[in-house]
Each structure stands twice: as structure tokens, then as C-alpha cells.
Amino acid sequence: MLVGNFLELAQVVEQEMVKAFTMVAEKHTDEPDVYETCSLLAKWSKQHLKDLEPFAQKYPAKPNVSPPRMERMKFDNEQKGSFALMRDLQDLWLLATEADTCWLILAQAAAGLRDDELKATLTILQKTTKRQIAWLQTRIKQAAPQTLIVGI
Amino acid sequence: MKQTRDSIADIWGERTPYYNEQWPIRLDERVEEEPHHWVQAACVLCSAGCGIDIGVKDGKIVGVRGRSVDAVSRGRLGPKGLHGWVANNSKDRLTKPMIRKNGQLTEASWDEAMNLIVSKSKDIIDQHTSLGIGFYTSGQMFLEEYYTLAVIGKAGLGTPHMDGNTRLCTATSAAALKVTFGSDGQPGSYTDLDSAEVIMHVGHNIASQQTVLWMRILDRLEGPNPPKLIVIDPRKTYTAAKATVHLRPKIGTNIPVLNGIINILIKEGLIDHNFINAHTVGFDELKAVTDKWNPKRVEEVSGVPESDLRAAAMLLGNTRTLVSTALQGVYQSMQATASAVQVNNIHLIRGLIAKPGCGIYQMNGQPTAQNTRETGADGDMPGFRNSGNEAHMKQLAELWNVEVEKIPHWSPPTHAMQIFRYCETGSIKMLWISGTNPAVSMPQLGRIRKILSREDLFVIVQDAFMTETCEFADVILPAAIWGEKTGCTTNVDRTVHICHKAIEPPGEAKSDLDIFIDYARRMDFRDKDNRPLPKWNTPEEAFEAWKECTRGRPCDYTGMSYAKLSEGSGIQWPCNEKYPNGTPHLYTDLHFATDYDNCEAFGYDLDTGAAITAEQYKLIDPKGKAFLKSTDYQPPYEEPDGEYPLWLTTGRVVYQFHTRTKTGRSKELCDAAPDSFVQISEEDAATYGIEEGDMVEVTSRRGSVLQPAVIGNIEQGIVFIPFHYGYWDDDSRSRAANELTYTDWDPISKQPHFKYSAVKIRKVAENTWDGPSEKAEHMQRVDNHNFKMEGA
């Protein structure tokens, strides 16, 4: 069974989310709403990690099976300004979407395993991940025209 | 000089007790000379919207009186209304356009000034499109002027960058109404106060802010069956002095307190299940969110004692009628929209809405803020249309006879804080400021001054006076004000008043409408048939065009006309064929404006502000049911710490309005409230060795100010500074409250958080200063007197 291995992958994604939201927040402190909201969304991902913990215990990962990792952006570049912000938000969106599909995949497994507890937890995680994605989309839509047309 | 009462010494005047009948008339008047004739208008020095007659002699305003036929005031006026008009006659009015040449502002002709603006606009559009142009307007102009500006911005230029200073004062009101009811528009009427058994003021010092509305409540308190008052405010205000229950939450804890009240109402079964089932969605979620907020936890977080919270909840839970009001203590604080929505929720779960005695007033801060919102001169679409609804945008395109693509509706229009951010990054190149003074009223003034002085930002300031903002202008346009032009104003309870022109503007000053139309003509905006856009030139033509824009919308004006508005009292919208005399209460059929086809917004995530999309909304369309939305508590973004151990909160004093551009010209108002101050608790005063009148330095991470100390009537750990005072009449010290405030805003309404900043204080001088200490003493005398009046 590889459920544990996939849970491990999901944890890595959420760890990256915490790191990425925090980095983007701190990089764009000149955009107060980005700073505050990304800080809040980092907390949500931290909570996700806590929520996943009992299931990582319950479904230990099989040794020597390392799940293939997706190539992801690093957020620790020094670029600031509106163009960099939009790219950072886009990268966060990609990351959050990966988390979203993790819950989809795990929820299918949970159904097959008849693990109601895992299913219930995944429903909650899915909901908050979608809220993270919704904010990113809203903010990207707001930033895009100004950035691309009058961008500095 | 003749006056019926001294409104400085006794703010609210004589009582006319009453209950459940028409509010008795009391005619207030103040004239310097006997007028030759009177001209009908409405007062524009707060959001109450009292009818007023302007007294004219020899082409000059010589006084004012209330209008006894007026439903809002029944003849009364407050101190600002009785005195503020002298600003029209002030010697320091702007009378000629000015252009900055070699760094100096020099007088110019209208042709020179307007041609410069037009050539600058065209250059920017050529190089960067109209996204390089932004507008920041007011809550104090007339409906006709806002609508004209909105059409110029949205159909002429096609820029999404337009907002009003209503963003600072009333954006949350609009947001909360949209979130709960689907559309802006106050459900209640001021007449609800005539019979309400319980009145709740949340973060709203109504006694100081809307003095005439407060007179109505004072008259109820002296009459038969007086209402019980619940006041939620950390300060002991005039309003709180009259409260049956005064809850004093710590700064930023509105959500715990309101969630706590709802928790008790649900637990005690004091809710209307039939109403909830038939007319709302979301109750289970509301129950789940508030379930965690038992009174004990509320007390731990907010400091409000369990017994007080229960007392408030019991009053709310057992009353048959309820009026609730909310203002800046909610709107400018943490979780603004979420808290304002909880006030709506209390009415919904009790079924106390849309009938006499049951009103929610999500108050406005300014006299015509409602018009800024309705017309789309703020970040909205005209007629409460939904920028996410393609059919709504097509209606506007047809109305204006332009291509729908011209109207910037790809995302919600840009809010003021973001407009200034775009100016800061250099991506907005021209900012046209009309009727507002951001150099004193925006948060974090050091930053605002830096933005306004950017070399690459062309700043136009359209105003009646040389404000602090004018100092940064490249072009100044002298504007006519109230009394010098005709137009309409709509107040909190949807009452539309006409303000007739009484006198000519001074010098070459022009009405805001004439200025905007002049710009449109010089820019040669055209519709699809090559006809000039906008197609009107006069206020009445603009009003008629506006009526067409509102046809079939919640704010329907089609049954009104200038003639009808001039007959006597104001008229409450909607006013149309069905309701020819206007409408006191919205939603009397309990069908709210939430249908997909009707709603002004699809809603938001209350924590992040993420927009719900059209497709998502179709799935949850409640088809006329109201939303019970709720969220959990989040602490304020900035909290006191070791270095900055106190909370700063800002607000108003009764005798001044905004940045005092008008009230600051009245000697009597200025004598009553001459200077800024910092209000400190007795405990903190003792800790820091501060005595009444001592000069105190207040410092935040953004800046510092010097203020004379006023001690008492505030919770320990909190200091208060009024936001009115800037530098135009006294630049001897740093004193504007907004030097200290924090640049941040509510995720939904985008209203800045003026109500909290972390600060430190220290005494810098004994009370030996002639100036400020004497003034502080005087203020204290006035304050004590009025508190005594209140207690009497």
C-alpha cells in the first residue's frame, strides 16, 4: 500500500506552501493585503500539516519508494515589484493546485479503504485549499491588467 | 445675530418627548442677519441628512434654519449645521485655477488649466492607456456630479481606477449589505426610532456623529415607553453615558462580542426558526462558528464581563422591535465586514427586519456617501449593478450607447488604497482628487505625502479651499460648494433631498459638475453614434439620466423629479410607479436582493476577501433568501508590544467635520474644539506622570505627533486622538492623527483600519504652554458640561 507514501508527498507540498506563503508575504510587505493574507494562508497550511499527522502515523510510508517530485519554483528570489508579485502569486497557485489534487487522490483512496475519518479530514483540507486558490485567483485577476499594461 | 438655541453649549437642545407618533417639530435657526429669502437644501455636515433652508441676503448666505416638514429632522439642526455654512463666505476660498510652474503654484485661466489636464490625459492614454489615470473623489458632492464622473471614468476613459473617500468611511456599510442582502441599500427607516423598544449602537458614537438622530433618541428616552439602549464601544462616550448596557470590548474584538451575543440567542432559544427557515440560508454554519464563543471565552478575549454580555443578549432576545446601528468602531476596525454582517445576522435570526420599529442602519460617515456608492463614483457599478454579471454590464453599455468592452469590468474597480499603491509604484501617472483631503485623512501620512510628491505623478486637486493636499497639486481647480450649485443628496435611510443653488460661487469657482463636463467636452468623449458623452450639461439633465440608470434597480429614482423633491420633505427610494411617494422599508415581502439576476455582488470569503465567481454563485443562488454569513475571530494585524505598549484609536469630535475644511472656518466651532488632543485613562496618565494639558508625544512605527493631554473616560491601555486636525491653520507641530495610523484594510470592504495602531507615549512638556493647554482646558470644560447635560 502506498497511501503513506502519498501522504508524505502531500505533507511535503503543504510544508512548501507554509514556506512559500511566508516568503511571498515577507517579500511583498509593500502590498499590505498580500502580506496579511499570505501570512494567514500560511497558517492554514500549518494547520493542514497538523491535521495530516495522525494519518501519516496510521499509514506508514513504505521505505525505498520515493514519489516522483514535481519541479517547483523557488520563492527566495530577490525580485520585487508588481511583475514579480504576479509571478509569485502564479507559482503559489500552482503549488496550491497541487495540494488540491493531493486531496482528490487521497480522498479516492480513503473511499476505497472505507476510512471515514480520513475522508472527513480531507473534505476539510480540500475546502481550505480551495479558499487559498480562490484568493490567489482574485488577487491575480486584480493585478494582471495593471502589471502587464502599465507595469513598472 | 439671532439664534433659537446655543448649540455649542447644549449640543442637542430642548427635549420634545414622544413615543410612537410623528416626531414633534422643533425649529432650530441661526442667522447673522435677517434673510431676504430662504432656499431649500439639506445639510451636508454629517450623514443624517437633515432638511435645511439657506437664508440669503444680497447674494450672500446669512444663516440657516431647519425645515419643519422634513421627515429626517422635523426642523432640527445640530451645531455643525447651524454654524458650518459660514465657510461659504470665507475669505480664503479658492477663486482661480492654479498651475504649478517652476515649482510654484501660480494663477491661471480655466482654459490653461483644463487644456493642460487634457493634454496630459491624452499623453498618458497614448503611452499607457487609460489605466494610467485614476480618480479619487468625495462623499460630499452631489449625486449628479458623481454620476457624471462615473460615466466619464467608465464609459469615456474606461479606467477602473475610481474611488471615493467613502472608502475610508462607509465602504464596509455597502460591503456588509451586499454580503447579507445581495445589494447595497439600507433596509430600515429613521422612523423606526419612533417606536423601537431596543436600540443598539455598535462602534457608533451617535450622540457626537449624528446629533439630530441622537435628539430623536433622547426624546424617546424622555417620553413614554423609553427604549433600552445597548452601546458597544471601548470609550465612555456621550452615547454610552445613556446606555442601559454598555459593553466595552478591547480594541479589535467586535467579532468575539457579536459572536457571543448570537451564541446566547441561539442557546437560549431566543430566535425565530420559522423566519430563519423561510428567509435565510447559512444558519448551521452561523451556529457552528458562534458555538465556540460562550460568554466565558468572550470575556477572556474581549474583556466584556459575562454578565454584561448576557444582559445585552437578553435585551436583544426578548424585544419585539430593534434598531441597530454600526459605524466606524466596526468599519475601521479588524474584521470590519465580518462584524457588520453579524449585526445584520442578529436581526435575521430574530426575524426583526422590514417592518416599523425594526431597522438596521449600516451608517454612513458622510452626507452623500450613499450617492458615491449608488452612482459608481466609488469602486462599484452604477445602479448597484454587478461587475461580474454580463447582463448588468450590457444594460450600462446600452444606456450609455458604448461598447460593453469599454466599461472596465474585468475585475472589481480599483479601491482607493490600491489606487494610491499604483501611484506609489508609478503605474498611475495622473491622479484627480476632488472634494477630499487625503494628505490628512488617509492612513500613514508620511507615505501619502511621499506618493503625492512623486515627480512622475500629475496631481489635480479640485477643492474649495487651499487644503493640505493642494500643496502637492500640479493643477488646482476652484470648486463651488453646497449653496452655490444645485443637486441631490441621499442619506442613510435612503431619503433623497434636493439642494438648490442659493448664491453664486466666489470668483471663477465652478461646480464640480461643470468642471467634469468641461473635461469631457475637451476630451471629446463620444458614444457609438458620435454624440457627446455624457449627453447632459445641467444638474437636472444629469438627474433625469440618473433616473434612467436606476430603472428597475433596488435604488429606483424614476418616480422622482426636481419639482417633486422641491415640494417639502425628502423622498426615500425606491420611488417609482409602484411606490410614487417612496418606500420607508426595503424587503417588506421578505424577498431580499440575492437572486443571481439582481444581486450587486456574488459575495466574498469573509477571511480573505476572495470573490465568489458567477458560476459558483449560480450553484448557491438563494433566490431571495438572505445570507447568514459568519467567521471566526482574528486578532488585529498590529497589537501593542513591549516597545509600543498602547493602543491608539482615532475618531471624531462633535464640533468638527472631517479635516475641518468647512467647520474649521467657523469661529464658534473652532472655539469649542480648537485643537487636537490625546485622551488618556487616569491609570495610564499616572503611570506616565502626565497631567491634564501636558504636552505628550505619541509615537507609532509610522511617525509621531505632539498632543495636549485630556484625561479620563477611556479604558486603560487605549489612547484616542481625533482625526480632524491637520496643518492648514496650524503647522507649528506634528499633530495629524494619521501620522501614526497603519496602512492596512479590510479584505472585503477594503476600508483602512484606523481604529487601531500600537503606540508609545511620553510627556515632553508641563502644562505651561499658553496655546494647547489653554485650549485643552477649554475643551474639557465644554466636554464636562455636555456630559452633565447628558446625565441630567
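Fair warning: this is a prediction, and the values are worked out from it, not measured in the lab.

A.B. asks: Just give me the short version of the overall build of chain A, but keep the residues and values in it.
C.D. replies: Per the secondary structure count, chain A includes four helices and zero strands. Along chain A, helices and strands appear, N-terminal first, in the series α-α-α-α. Projecting the C-alpha coordinates of chain A onto the three principal axes gives extents of approximately 55 × 30 × 20 Å. Residues classed as buried in chain A amount to 35% of the 152 residues present.

A.B. asks: Can you tell me about the overall build of chain B, naming the residues and giving the values?
C.D. replies: Counting its secondary structure elements, chain B contains 27 helices and 28 strands. Expressed as lengths along the three principal axes of its C-alpha atoms, the size of chain B is roughly 65 × 65 × 55 Å. Considering only contacts in chain B between residues 6 or more positions apart, those separated by 24 or more positions represent 76%.

A.B. asks: I'd love a proper account of helix α2 (residues 110-128) of chain B, names of residues and values included.
C.D. replies: Taking 1.5 Å per residue as the helical rise, α2 of chain B with its 19 residues ought to reach 27 Å, and the 26 Å between its terminal C-alpha atoms agrees with that figure. Positive phi shows up at threonine 129 of chain B, right after α2 of chain B, with a value of about 70°.

A.B. asks: Provide a residue-level description of the interface of chain A and chain B, including the pertinent values.
C.D. replies: Facing 19 residues of chain A, the contacting portion of chain B comprises 22 residues. Elements that contribute at least two residues to the side of chain A that touches chain B include exactly α2 (32-58) and α4 (116-150) of chain A. Among the elements that line the side of chain A that touches chain B, the one with the most residues is α4 of chain A, at ten residues. Its residues assigned to classes, the side of chain A that touches chain B shows eight nonpolar, six polar and five charged.

A.B. asks: I'd like a rundown of the domain arrangement of chain B, residues and numbers included.
C.D. replies: Residues and elements named next belong to chain B. In terms of domains, chain B is made up of domain 1 (2-89), domain 2 (98-167 + 371-482 + 508-554), domain 3 (171-362 + 593-626) and domain 4 (646-791). Look at where the C-alpha atoms of domain 2 and domain 3 centre, and you get two points 34 Å apart. Contact with domain 2, which involves nine residues of that partner, is made by eleven residues of domain 3.

A.B. asks: Pulling in residues and values, what's your account of the sheet that holds strand β10 (residues 198-202) of chain B?
C.D. replies: Residue and element names in this part refer to chain B. The sheet built from five strands is open, its strands ordered β12-β11-β10-β14-β15 with parallel pairing. Every other strand in the sheet has two partners, leaving β12 (245-247) and β15 (359-362) as the edge strands with one partner each. Taking the axes of each pair of neighbouring strands and ignoring which way they run, one obtains an average angle of 10° across the sheet. As defined by bridge partners, β10 adjoins strand β14 (residues 322-326) across five bridges and the pair is classed as parallel.

A.B. asks: Run through the pairing of strand β11 (residues 228-232) of chain B, naming residues and quoting values.
C.D. replies: Residues and elements named next belong to chain B. Taking burial as the measure, the five residues of β11 include four buried ones, the bulk of the element. As defined by bridge partners, β10 adjoins β11 across five bridges and the pair is classed as parallel. Paired with methionine 200 across the two strands is isoleucine 230, which belongs to β11. Bridge analysis of β11 against β12 gives three bridges, and the strand direction is parallel. Counted as the bridge partner of isoleucine 232 is leucine 247 from β12.

A.B. asks: Account for the pairing of β14 of chain B, with residues named and values stated.
C.D. replies: Burial of β14 of chain B is extensive: five of the five residues sit out of reach of the surface. Across the two faces of β14 of chain B the burial is the same, with Leu322, Ser324 and Ala326 of chain B and Val323 and Thr325 of chain B all buried.

A.B. asks: Lay out the environment of isoleucine 8 of chain B in plain terms, naming residues and giving numbers.
C.D. replies: Residue and element names in this part refer to chain B. Here isoleucine 8 is to be found in the loop between β1 (2-3) and β2 (29-31). Sequence-wise, isoleucine 8 and aspartate 671 are 663 residues apart; in three dimensions their C-alpha atoms are separated by 9.4 Å. Setting aside residues no more than four positions away along its own chain, isoleucine 8 makes contact with Pro79, Glu668 and Ala672.

A.B. asks: Give a detailed account of the sheet that holds β2 of chain B, specifying residues and quantitative values.
C.D. replies: Within a sheet, neighbouring strands are paired by backbone hydrogen bonds and run either parallel or antiparallel to one another. Residue and element names in this part refer to chain B. Read across the sheet, five strands follow the order β1-β2-β5-β4-β3 without closing on themselves; strand pairing throughout is antiparallel. Strand pairing shows two members of the sheet lacking a second neighbour, β1 and β3 (37-42), which therefore form its edges. Across six bridges, β3 lies against strand β4 (residues 51-57) in antiparallel orientation. Counterpart to histidine 37 in the pairing with β4 is valine 56.

A.B. asks: Can you break down the environment of valine 64 of chain B residue by residue, with the values?
C.D. replies: Residue and element names in this part refer to chain B. Looking at the element boundaries, valine 64 is found in strand β5 (residues 60-66). The exposure class assigned to valine 64 is buried, which follows from the 26 C-beta atoms found within 10 Å. In the structure, valine 64 is positioned 18 residues away from leucine 82 in sequence and 6.4 Å away in space, judged by C-alpha atoms.

A.B. asks: Tell me about the packing of helix α3 (residues 143-157) of chain B against helix α22 (residues 539-550) of chain B, residues and numbers included.
C.D. replies: Residue and element names in this part refer to chain B. Here α3 crosses α22 at 70°, and the two axes come no closer than 9 Å. Relative to α22, the element α3 is oriented roughly perpendicular. In this structure, α3 crosses over α22, and the sense of that crossing is left-handed. Listed contacts from α22 to Leu143, Glu144, Tyr147 and Thr148 of α3 are Pro539, Ala542, Phe543 and Trp546. Grouping the constituent residues of the contact of α3 with α22 by class yields six nonpolar, one polar and one charged.

A.B. asks: Before we move on, can you summarise the packing of helix α9 (residues 254-267) of chain B against helix α12 (residues 295-302) of chain B with the specific residues and values?
C.D. replies: Residue and element names in this part refer to chain B. One way to put it is that α9 packs onto α12 with a least axis distance of 9 Å and a crossing angle of 170°. With respect to each other, α9 and α12 are oriented roughly antiparallel. For the pair α9 and α12, contact is made by Pro256, Val257, Gly260 and Ile264 and by Pro295, Val298, Val301 and Ser302, respectively. In the contact of α9 with α12, the residues fall into six nonpolar, two polar and no charged.

A.B. asks: Describe helix α21 (residues 512-523) of chain B, and please don't skip the residues or the numbers.
C.D. replies: Residue and element names in this part refer to chain B. Taking 1.5 Å per residue as the helical rise, α21 with its twelve residues ought to reach 16 Å, and the 16 Å between its terminal C-alpha atoms agrees with that figure. Listed as buried for α21 are Asp512, Leu513, Asp514, Ile515, Phe516, Ile517, Tyr519 and Ala520. In this structure, the buried side of α21 is in contact with α2, α3, β16 (430-434), β17 (458-463), β18 (475-478) and α22. Of the residues trailing α21, aspartate 524 is marked for its positive phi of about 60°.

A.B. asks: An account of unusual backbone geometry is needed here, citing residue identities and associated values.
C.D. replies: Cis geometry marks the peptide bond from leucine 533 of chain B to proline 534 of chain B, where omega comes out at -10°. Tracing the backbone shows proline 534 of chain B in the loop between α21 and α22. The omega angle of the peptide bond from tryptophan 573 of chain B to proline 574 of chain B is 0°, so this bond is cis rather than trans. Note on placement: proline 574 of chain B falls in the loop between β21 (571-572) and α24 (614-620). In this structure, arginine 114 of chain A takes a positive phi of about 55° despite not being glycine. Examined against the element boundaries, arginine 114 of chain A turns out to sit in the loop between α3 (82-113) and α4. One non-glycine residue, asparagine 401 of chain B, lies in the positive phi region at around 60°. You can see asparagine 401 of chain B is positioned in the loop between α17 (390-400) and α18 (416-425).

Rules and cut-offs
- Residues numbered from 1 in each chain as written.
- Chains lettered and ligands numbered in written order.
- Predicted model: local features only at pLDDT ≥ 70, side-chain atom pairs only at ≥ 80, totals over all residues.
- Helix = DSSP H or I, 4+ residues; strand = E, 2+ residues; numbered from the N terminus.
- Buried ≥ 20, exposed ≤ 12 C-beta atoms within 10 Å, placed from the backbone.
- Contact = placed C-beta atoms within 7 Å.
- Expected span 1.5 Å × (residues − 1).
- Nonpolar A, V, L, I, M, F, W, Y, C, P; charged D, E, K, R; others polar.
- Domains from an automatic or database assignment.
- Pairing = 2+ DSSP bridges.
- Axes fitted to C-alpha atoms, helices over the stretch in contact; angles between N-to-C directions.
- Parallel < 35°, antiparallel > 145°, perpendicular 65-115°, else oblique.
- Left-handed = near helix turned anticlockwise from the far one by under 90°.

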